[in-house]
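Report on the structure
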Amino acid sequence: MNRQSLELKGIPAAEGIAIGPAYKLGKEIFDIPKKSISEEEIPLQIQIFEEALTQTRKEILGLQQIISREMGKETADIFNAHLLVLEDRMFIEEVIQRLKEEKLNVAYICSEVLKKYISIFSKIEDDYLKERIVDINDVGKRILRHLTGRRHPNWDDLKEKVIVVAHDLSPSDTATMHKKKVIGFVTDVGGKTSHTAIMAKSLEIPAVVGLEDATAKISDGDILIVDGKNGLVIVNPDEDTLRRYREEEKNILYFTSRFLATKDLPAQTLDGKMVKVSANIELPDEIDSAKEHGAEGIGLYRTEFFYMNRDDLPSEEEHYQAYRSVVEKMYPYEVIIRTLDLGGDKFVSQFKVPKDMVPFLGWRAIRFCLTRPDIFKIQLRAILKASIHGKIKLMYPMISGIDELRRANYILEECKEELKKEGIPFDENIEIGAMIELPSAALTSDLLAEEADFFSIGTNDLIQYSLAVDRTNEKVAYLYEPAHPAVLRMIKNIIETAHSKGIWVGMCGEMAGELKFVPLLLGLGLDEFSAPPMVIPQIKYAIRCLNLEEAKAFAKEALRFSSGKEVEDFCEDKIKQIMR
Amino acid sequence: MPRVKKIIKVKNKQGLHARPAALFVQIANKFESVITVKKDKDIVNGKSIMGILMLGAEKGSVIQIEADGKDAYQAITELEALLLKDE
């Protein structure tokens, strides 16, 4: 079979090359687990079903309007058939009747009824009915999506390694993916620092995002090449292209293995300055990868994962066990735990958080925690309890000014008091850090330094807030410039202020993991780089090749440029010289 | 309450498929009466597109439509008109 070859251009999200079959996410939606319900739950389940129908109807009418405007009324009429299926009495009545009789969750029953229709229709030899199967499929998926939130497949059941193709990947999608089965990501939406991109980097999975219509152009089982470095996806490549990429894949392996050989050497400059290089992790399992890549600590342990893929809240014990295992495994190195950073592009179903118009400016991260001390305290207590098993530091995300830092510290003190009363031991001198990711925090870093033991610069948010660029919007993604002079001046200010107040500064944003910025950041005085495990050996290698005094001069020069592009070119030239 | 039955031979070229089926359901849904369609031994809800489609009534097949309710006469008249259209 020789399908047509096609090249799609998107935004590079995670480097590397993946070659394998496409696996489109979303088609497995009909496989819904069966759950028993009680007699009392029936009315609620019916209500959920009706709500899902209403939502689906709204969705279809909305789509119809858009299609009608863009492609004409004729085309939009397809959706009339969808609406007929959606409003079909036989279907609705059958679902409700079976729900009452069988007492099973409505999503399961609904999927069974849909499957029944599809199987009946597919047995009838008729072209028109074949088309209706497509309609039922489409409408059915929409209804089920509304009934279940989102669904993900069971990756363990996959027989071969696949490249996941999806419109978008939510944190709960990526959180369930195994590196063993998923070798690449391809999505329609998303920018360089969207959640998908971060997870892809952290999982070391090549990814291209923001392709706009990849899901429409790629079919299940198409052979794909994901070129994460150049943001290219090649669909059904010809033999030549395939050979070229296989060669390239080999080179990359060779390149990374070269640095892996020296991963355990310290990150010390030629003139003797020691710098710390740690890892960003999200899942406790990633500790192994961090250690394998020579990380000298965990500079960012994201804790949102606990709250995902579940209906209830994690208990103090669950938090504690996870933190304990991470710090014990990492000992004698330290682990910096970031407290809950929900919101923005990370949502969780347990909290009925109203959708903000501008989610990144909304009720999220520390703002959420400070108004829900009941939830915040569970985590803080668990971190304190785990602190006797190794070296823990903790940091708060999205601090906007001194008030929030004080209030968070106040709640922490309350937790300490409680534990003391309960006779539970903890590290009394646990270091507290503030993430500097808001321009307001950057500009008041002198005030924050008085009440924090360290800073960690979160460049992703700092850049998006400073440059007013929604980092998940691919239309403005080109404005997202880490080397923008405004950003560099802020970073310089944060580090200088912190050092004058006697505290150290790390960086855990994407920027710290970009090899080309290592000389610049080193020259600005950064004390700790925290990056995805995969790039750690290269960062350490680069630091060992540099001279601190030279780096300082280099940074000074870089700050003279008037545009981010010029700075980036300057940095790229420098790193090429070093890594030759 | 009137209850009206009518046996009809489908003249429509496409049978009770595609657009005619959709039209049939749309018309049926305008009425309060309960509407059923019977072909051979199968009886389905006349207001359900899936039901009608499952009957698989080709051109020339004989079906019985039944309406039960206060607007039964009107319903049968309009539905019959649709099925007899020879387009």
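Thresholds, definitions, all that
Residues numbered from 1 in each chain as written. Chains lettered and ligands numbered in written order. Predicted model: local features only at pLDDT ≥ 70, side-chain atom pairs only at ≥ 80, totals over all residues. Heavy atoms only, no water. Helix = DSSP H or I, 4+ residues; strand = E, 2+ residues; numbered from the N terminus. Buried < 20%, exposed > 50% of the residue type's maximum accessible area, 1.4 Å probe, protein only. Contact = heavy atoms within 4.5 Å. Areas by Shrake-Rupley, 256 points an atom, 1.4 Å probe, with all protein chains shown as cover. Pairing = 2+ DSSP bridges. Axes fitted to C-alpha atoms, helices over the stretch in contact; angles between N-to-C directions.

Turning our eyes to something else, we now look at the overall build of chain A. Helix and strand counts for chain A stand at 23 helices and 16 strands. Expressed as a percentage of the 580 residues in chain A, the buried residues total 57%. Counting contacts in chain A only where the partners sit at least 6 residues apart, residues at least 24 apart contribute 69% of the total. About 25,700 Å² of surface is accessible on chain A, with carbon and sulfur atoms providing 52% of the total.

Quick look at the side chain of T187(A) now. Residues and elements named next belong to chain A. On the secondary structure map, T187 appears in strand 5 (residues 182–187). With a relative accessible area of 0%, T187 lands in the buried category. Look past the residues within four positions of T187 in its chain and what remains in contact with it is A166, H167, D168, L169, T196, V208, V209, G210 and L211.

Right, let's get into the environment of G69(B). Residue and element names in this part refer to chain B. In this fold, G69 is placed in the loop between strand 4 (62–68) and helix 3 (72–84). With a relative accessible area of 8%, G69 lands in the buried category. With residues up to four places along the chain from it excluded, the contact list for G69 reads M1, P2 and S33.

With that out of the way, let us pick up the sheet that holds strand 1 (residues 3–9) of chain B. Think of a sheet as strands paired side by side through backbone hydrogen bonds, with each pair either parallel or antiparallel. Residues and elements named next belong to chain B. Strand order in the open sheet made by the 4 strands is 1-4-2-3, with antiparallel pairing throughout. Each edge of the sheet is formed by a strand with only one pairing partner; in this case those strands are strand 1 and strand 3 (42–45). With direction set aside, neighbouring strand axes in the sheet form an average angle of 20°. Pairing of strand 2 (residues 34–39) with strand 3, which is carried by 4 bridges, proceeds in the antiparallel orientation. Counted as the bridge partner of T36 is N45 from strand 3. Against the sheet, helix 3 engages strand 1, strand 2 and strand 4, with an angle of about 155° to strand 4.

Read these as geometric descriptors, not functional statements.
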